[in-house]
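One letter stands for each residue in the lines below.
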Amino acid sequence: MLEMTSEEFEELVAEALDRIPPELTRLMDNVAVFVEDEPTADDPELLGLYEGTPLTDRGEWYAGVLPDRITIYRGPTLRMCESREDVVAETEITVVHEIAHHFGIDDERLHALGYG
């Protein structure tokens, strides 16, 4: 398995977030991004997870709720990658994938766009 500290991986996630176009990040609403070492045992190879209500599903009722949560997992990413460059690329794909869920884009469409 490729070695990378939590701090190094968190920096890669931050860099991937910085590469999201500002016109999109301005539209993101009530969402927080976290980095964790491992997902739950029932899905040990999960690279990222979006939990919340996509912008496309929010209505008048949407107020006073906790932020949506995007979690990026370090362990599975490092296990699947062979080089630091692979980790950088996979982290960016995972960040974009999870942010796309915040915008209401489903997995089928993301796979078609190359973010599967």
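Bear in mind that the values here come from a model prediction, so they are computed numbers and not experimental data.

What follows deals with the layout of surface pockets. One way to see where empty space is left: roll a probe the size of a water molecule over the atoms. Considering only enclosed or pocket space, the largest pocket measures out at about 170 Å³ in volume. Lining of the largest pocket is provided by Ala16, Arg19, Ile20, Pro21, Leu24, Glu92, Val96, Ile99, Ala100, Phe103 and Ile105. The greatest single-element share of the lining of the largest pocket, amounting to four residues, is contributed by helix 4 (residues 84-102). Its residues placed into classes, the lining of the largest pocket shows nine nonpolar, no polar and two charged.

This paragraph deals with the pattern of salt bridges. Overall, the coordinates contain eight salt bridges when judged by the stated rule. For arginine 74, the salt bridge is made with aspartate 37, and the minimal N-O distance between the two is 2.9 Å. You can see arginine 74 sitting in helix 3 (residues 74-80) and its partner aspartate 37 sitting in the loop between strand 1 (31-36) and strand 2 (48-51), a full 37 residues away along the chain. Arginine 74 gets classed as buried once you look at its relative accessible area, which sits at 17%. The class of aspartate 37 is partly exposed, set by a relative accessible area of 40%. With a closest N to O distance of 3.6 Å, glutamate 45 and arginine 79 form a salt bridge. Of the two residues, glutamate 45 is situated in the loop between strand 1 and strand 2 and arginine 79 in helix 3; the sequence distance between them amounts to 34 residues. Using a relative accessible area of 47% as the deciding quantity, one classes glutamate 45 as partly exposed.

Negative phi is the rule for most residues except glycine; trans is the rule for most peptide bonds. Unusually for a residue other than glycine, asparagine 30 sits at a positive phi of about 60°. You can see asparagine 30 is positioned in the loop between helix 2 (22-25) and strand 1. With a relative accessible area of 26%, asparagine 30 lands in the partly exposed category.

The subject of this paragraph is the nonpolar core. Ranked by size, the top nonpolar core spans 15 residues in total, and within it Met4, Phe9, Ile72, Val87, Val95 and Ile99 carry the most contacts. The set of elements that each furnish at least two residues to this core consists of helix 1 (6-18), strand 3 (68-73) and helix 4. The element contributing the most residues to this core is helix 1, with four residues. Residue contacts for valine 95: discarding those within four places in its chain leaves Val13, Ala16, Leu17 and Ile72.

A few words now on the side chain of threonine 94. Note on placement: threonine 94 falls in helix 4. Sequence-distant contacts of threonine 94, defined by excluding residues within four places in its chain, comprise Leu47, Gly48 and Ile72.

On to helix 4. Helix length check: helix 4, at 19 residues, gives a terminal C-alpha distance of 27 Å against a target of 27 Å (1.5 Å per residue), a fit within 8%. Burial in helix 4 covers these residues: Val87, Glu90, Thr91, Thr94, Val95, His97, Glu98, Ile99, Ala100, His101 and His102. Glycine 104 occupies a position one or two residues after helix 4 and carries a positive phi of about 90°.

A few words on the sheet that holds strand 1. Judged by pairing direction, the sheet is mixed, and its three strands sit side by side in the order 1-3-2 without closing on themselves. Each edge of the open sheet is held by one strand with a lone partner, namely strand 1 and strand 2. Each neighbouring strand pair of the sheet contributes to a mean axis angle of 15°, computed without reference to strand direction. Strand direction decides the pairing type here: strand 1 and strand 3, joined by six bridges, are parallel. Directly across from glutamate 36, in strand 3, lies its bridge partner tyrosine 73. Relative to the sheet, helix 1 contacts strand 1 and strand 3, its axis offset from that of strand 1 by approximately 150°.

Thresholds, definitions, all that
- Residues numbered from 1 in each chain as written.
- Predicted model: local features only at pLDDT ≥ 70, side-chain atom pairs only at ≥ 80, totals over all residues.
- Heavy atoms only, no water.
- 1 Å grid on protein atoms, 1.4 Å probe; cavity = no way out; pocket = protein on both sides within 12 Å on 5 of 7 lines; lining within 4 Å.
- Points joined across faces, edges and corners; volume = space filled by probe spheres on them.
- Helix = DSSP H or I, 4+ residues; strand = E, 2+ residues; numbered from the N terminus.
- Nonpolar A, V, L, I, M, F, W, Y, C, P; charged D, E, K, R; others polar.
- Salt bridge = Lys/Arg side-chain N within 4 Å of Asp/Glu carboxyl O.
- Buried < 20%, exposed > 50% of the residue type's maximum accessible area, 1.4 Å probe, protein only.
- Core = buried A, V, L, I, M, F, W, Y, C linked by side-chain atoms within 4.5 Å.
- Contact = heavy atoms within 4.5 Å.
- Expected span 1.5 Å × (residues − 1).
- Pairing = 2+ DSSP bridges.
- Axes fitted to C-alpha atoms, helices over the stretch in contact; angles between N-to-C directions.

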